[in-house]
Structures are given as structure tokens and as C-alpha cells.
Amino acid sequence: MSSSPKNYWIRNPNFLENQEDAILISDNKGKLLDSNSQAKELGLVPEKIDLKHSSWYPELSKVDSKEHSHLTLQLSSGKRRFICRTIPILVDEKEPAKAFYFRDITEKTFTEAKAKRYETLFRRRENKIKELEIRDKLTGLFNREYTIESFQAELYRAERNGSTIGVVYLDIDGLKEINEIFGNSRGDLLLKEMGRILLENSRRSDISSRIGGEKFLLLLPGAHKNIVLERAEKIKRLFSEYSSNGSWGEVKIKVSLGVAMYPEDGSTYDILLQKVQTGN
């Protein structure tokens, strides 16, 4: 229906019942003149014929007929969501009145919200899986595959920007003996501690990883050499303090340390890794 007051409504129950929407018709004073079964089933029809006390009436009675209103109502049928329109009409071709249309979108809204929730959960799960794919399960550090890929990307960026990359290599000496004498669970404690120290002493831009059984690598993009050396010594010191407080029998736990700089010590992943591992 249009907004023209020439819209006529003749009391015809078939017209209302054939409509998809719930419809209530009232005079200009809010007196209920008619409604269809959809409105009754939803609980929109009050016990008394006066609509003025309905929670929705004050708002909808003033809405322009060209506008759509979104309402959430607590009804006898439960909490329902509607798209509503208010259209001026003439009753029996002479009396001004208003027709209130309520389109129930509760199930649609619920379905959309449910779909959105599942999509969010799926994305979270997908992100978690991706995170697991690039992380070492024991230490929480990045794994070797991700580190190699990231190293190559950082080298490309550094070459393009003319910046530096610090490379720190750490190898826990004595870990194999610990595993053989005390079992892998004791060795895992050392690995976890190194992981914790690396994570707590890394910037957001750094890449801290476990690249082998007892081998660790820390990349510091854009860092100056003195910062890289200080960070390496701090990590070594913190781990030595931890291992010295443990009971490892006759096994001596220590950390072998190697430091290299791009481009000063090499320009490729292989050259830099060899540099930190051999110290040559």
C-alpha cells in the first residue's frame, strides 16, 4: 500500500487473512478495529481493544509510512523481532485509520546470528590450526619450517630497505645425556624453560624458534649489533641461572651461543646459519 490517505480498507476478513504479515488496524485514537490470525498467534492483539497501552503503539503510530521500523518485543509468544510499517488508510472509504504491519523476522535473525556465530568459531578454529602448524608444541616457539620461510622474507625486506638482521643461535649442551639418564620429561623441562626465556625476551617483530631438538634461533630484524649481543648474553645468562639450580647429576648443562649480522656476516639464510653454528 502507498502512503496516500486514499488507501481504502473495507471490512473483509479474507483480505487480512491472506496477508503474510501480522496486521492490526486501528482508528486514529488507537482503538483496535480489526486484526488477522497471524497477529493473534504472535500475541500482538491486546485483551482490550485499546492499542494505546501496547508498548509498540507510541512509536509506530508516529512513523512515516515510507519508513521501516525494527522492533524487538516481549510477547506472550516469546521474544520476537519484527520489521514494521505504519500505513494510513480509510475505513469504509471515509474514516481515517492506520494499518500496522508486523513482519516476523525472529527465525531469520536467529538463523543469521547462528550462522555468524558458527562462522566466527570456524575462523577461530582455522586460525588455531594455522597457529599450531607454525608452532612447536612443546615450547610454543615457531617451528623450523616457519622460521626458514620468515627468514627468507626478512632477508628480502632488509635488502630492499637497507636494514640489518641480528641472528642468535643457541644450543643446549648436555640435553641428550639428561634424556638418557633421567628420561625425556626432565629434558623437556629444559626445552620449555628456553622457550619461555626466548618468548619473554623477544620483541613483537622478533622471530624466536626451535629449529631442532635442542637448537634454537632468534631473529631480530632491524636491530643494531650491540643490541643483538646484549640480548644473546642475557638469554644465555638467564638459562644458565635456571639450569644451575636444577639437579642434573654429573651432567653439565650449558648453552653454546652464536651471533651473526646481516649483511655484515652473510647475505643468505645458509651462510648466516652456518656462521652462527660454527662461529666462523
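Within each chain, residue numbers correspond to sequence positions counted from 1 in written order. Local features in this predicted model are restricted to residues of pLDDT 70 or higher, and side-chain atom pairs are both shown and tallied only at a pLDDT of 80 or more, whereas totals for entire chains, interfaces and linings draw on every residue. As a convention, hydrogens and water are excluded, and side-chain values are obtained from all of the structure's heavy atoms.

## Concerning helix α9 (residues 269–278)
The set of residues buried in α9 consists of Tyr269, Leu272, Leu273 and Val276. Buried residues in α9, looked at end-on, bunch into an arc of 100°, giving them a common side. Where α9 is buried, its residues meet α5 (144–161), β7 (165–173), β9 (215–221) and β10 (254–262). Buried residues are those whose accessible area, probed at 1.4 Å on protein chains only, stays under 20% of the maximum for their type, while exposed residues exceed 50% and partly exposed ones sit between those limits. Strands are runs of DSSP state E lasting at least 2 residues, helices are runs of H or I lasting at least 4, and numbering of each runs from the N terminus. In this context, the arc is that of the directions from the helix axis out to the C-beta atoms. Throughout, a residue-residue contact means that at least one pair of heavy atoms, one from each residue, lies within 4.5 Å.

## Side note on the environment of Phe15
Structurally, Phe15 is set in helix α1 (residues 13–17). Spatially, the C-alpha atom of Phe15 lies 9.1 Å from that of Asn36, the residues being 21 residues apart in sequence.

## Some details on the packing of helix α6 (residues 175–182) against helix α7 (residues 184–200)
Where α6 meets α7, the closest approach of the two axes is 6 Å, and the angle between their N-to-C directions is 145°. Here Leu175, Ile178, Asn179 and Phe182 of α6 lie close against α7, whose contacting residues are Asn184, Arg186, Gly187, Leu190 and Leu191. Under the scheme applied here, ten amino acids are nonpolar (Ala, Val, Leu, Ile, Met, Phe, Trp, Tyr, Cys and Pro), four are charged (Asp, Glu, Lys and Arg), and all others, including Gly, are polar. Split into classes, the residues belonging to the contact of α6 with α7 amount to five nonpolar, three polar and one charged. Angles run from 0 to 180 degrees between N-to-C directions of axes, and those axes are lines fitted to C-alpha atoms, restricted for helices to the stretch in contact.

## Some thoughts on the confidence of the model for the protein chain
Model confidence for the protein chain is summarised by a mean pLDDT of 87, while 91% of its residues fall at 70 or above. For every residue, the pLDDT score states the predictor's confidence, bounded by 0 at the bottom and 100 at the top. Mean pLDDT values over the elements of the protein chain span from 56, in strand β1 (residues 8–9), up to 97, in β9. Every residue in residues 1–5 is under pLDDT 50, and counting partners more than four places away or in other chains gives 14 contacts.

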